[in-house]
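# A structural walkthrough
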Amino acid sequence: MAIAGDLHGAWGDADEKLLNLLRPDAVLFVGDLSNGNLHLTRRIALLPHPVAVILGNHDCGFDKNGGILHQQLVLLDDCHCAWRVRRWERLSLSVVGARPCSSGGGFHLSQAVKAVYGPVTLDQSVERILSAAASVPADEPLLILAHCGPTGLGSNPDSPCGRDWKSPAIDWGDQDLSIAIDRMAVTRPPDLVIFGHMHHALKRGSGYRQSLTQDRRGTVYLNSACVPRSGLDQQGCPFFHFSWAEFSGTCLTHLSHRWYAPDGKVKYKETFPLMRPMRH
Ligand SMILES: [Fe+2]
């Protein structure tokens, strides 16, 4: 499957032509599609591929009353999987959505999210994620899609969810997601947790963030926020970033960051060495 990191408006005909060449089983979007550009959201909802989206903090636009967020949800309809499971008729895949529009930093609901979803508590958010995860069939991967990753992945500026824009660096992950993962791991640890929000390039040119980690239970965490995800390389050639995941049954067999040329050729690739967890 292809995973698109935070778009921040960078999506167009070339991206869609590329997906038509790659023909992934599914395309996952980690949110921050734009600052509330409904035209872009409509394009994504109409993609001719199985699509799952979790909206990010930027997707509410500047509308604190939730009007833009509501319109985004209408356009995305079943594609949006916050606090529920996204499934498809002809695909043995379920995507469990975490809390929508997260801005990280523990647990916080924006005014727009409260206006649309109501005053959801941390415990309620945990229960909703757990309930969605419990419905995933045992013969399918347990895959979680979130805008910001969970707490517990490190407190350094270059940790997968580390705060790099303000000192001191702290763990800026989502607390409800972390609690939900710990609780679901009692019976079944997630196979892959995908998120964005925390851009790979660190502030003030201080390097790049660790974008993958695997815990001792075998759960793999992927930060897919390569921003900008398209542009020109040093030779002036266009590139487009997708993360790419492959499963055999419930077992994650391949995970990489890929930068594609417009013709679908992989120009650069960063493949992650996956440790085989004891449970497989
Ligand atoms: Fe974000």
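Below is a short write-up of the structure. (Residues numbered from 1 in each chain as written. Predicted model: local features only at pLDDT ≥ 70, side-chain atom pairs only at ≥ 80, totals over all residues.)

## With respect to the environment of cysteine 60
Mapped onto the fold, cysteine 60 is located in the loop between strand 3 (51-53) and helix 3 (67-76). Once the C-alpha coordinates of cysteine 60 and arginine 84 are considered, the two residues, 24 residues apart in sequence, prove to be 19 Å apart. If we skip the residues at most four places from it in the chain, cysteine 60 touches Gly36, Ile68, Leu69, Cys101, Ser110 and Ala112. (Helix = DSSP H or I, 4+ residues; strand = E, 2+ residues; numbered from the N terminus. Contact = placed C-beta atoms within 7 Å.)

## Points about the pairing of strand 13 (residues 266-271)
The side chains of a regular strand alternate, residue by residue, between the two faces of the sheet. Counted residue by residue, strand 13 has zero buried out of six residues, so it is predominantly exposed. Bridge count between strand 12 (residues 251-260) and strand 13: five bridges; the pairing is antiparallel. Following the sheet pairing, histidine 257 is matched in strand 13 by glutamate 270. Connecting the antiparallel pair strand 12 and strand 13 is a turn made up of five residues, with glycine 264 showing a positive phi of about 95 degrees. (Buried ≥ 20, exposed ≤ 12 C-beta atoms within 10 Å, placed from the backbone. Pairing = 2+ DSSP bridges.)

## Thoughts on the sheet that holds strand 7 (residues 192-195)
Strand order in the open sheet made by the six strands is 4-5-6-7-9-8, with mixed pairing throughout. Edge positions in the sheet fall to strand 4 (85-88) and strand 8 (212-214), since each has one partner strand and no second. Put simply, the sheet's adjacent strands are angled 20 degrees from each other on average, direction ignored. Bridge count for strand 4 against strand 5 (residues 91-97) is four bridges, and the pairing is antiparallel. When the sheet's bridge partners are listed, arginine 87 is paired in strand 5 with serine 94. (Axes fitted to C-alpha atoms, helices over the stretch in contact; angles between N-to-C directions.)

## Examining the packing of helix 5 (residues 122-134) against helix 6 (residues 175-184)
Where helix 5 meets helix 6, the closest approach of the two axes is 9 Å, and the angle between their N-to-C directions is 45 degrees. Put simply, helix 5 runs oblique to helix 6. Handedness of the helix 5/helix 6 crossing: right-handed. Here Leu122, Ser125, Val126, Ile129, Leu130 and Ala133 of helix 5 lie close against helix 6, whose contacting residues are Gln175, Asp176, Leu177, Ile179, Ala180, Arg183 and Met184. (Parallel < 35°, antiparallel > 145°, perpendicular 65-115°, else oblique. Left-handed = near helix turned anticlockwise from the far one by under 90°.)

## So, unusual backbone geometry
Here serine 167 and proline 168 are connected by a cis peptide whose omega angle stands at 0 degrees. Inspection of the secondary structure puts proline 168 in the loop between strand 6 (143-145) and helix 6. For the bond running from valine 227 to proline 228, omega is -5 degrees, close enough to zero to count as cis. Here proline 228 is to be found in the loop between strand 9 (220-223) and strand 10 (230-232). In the Ramachandran plot, histidine 8 falls in the positive-phi region, its phi being about 45 degrees despite a non-glycine side chain. By secondary structure assignment, the location of histidine 8 is in the loop between strand 1 (2-4) and helix 1 (13-22). With a phi close to 75 degrees, histidine 197 is a non-glycine residue in the positive phi region. Topologically, histidine 197 is positioned in the loop between strand 7 and strand 8. According to the C-beta neighbour criterion, histidine 197 is buried, with 27 such atoms within 10 Å.

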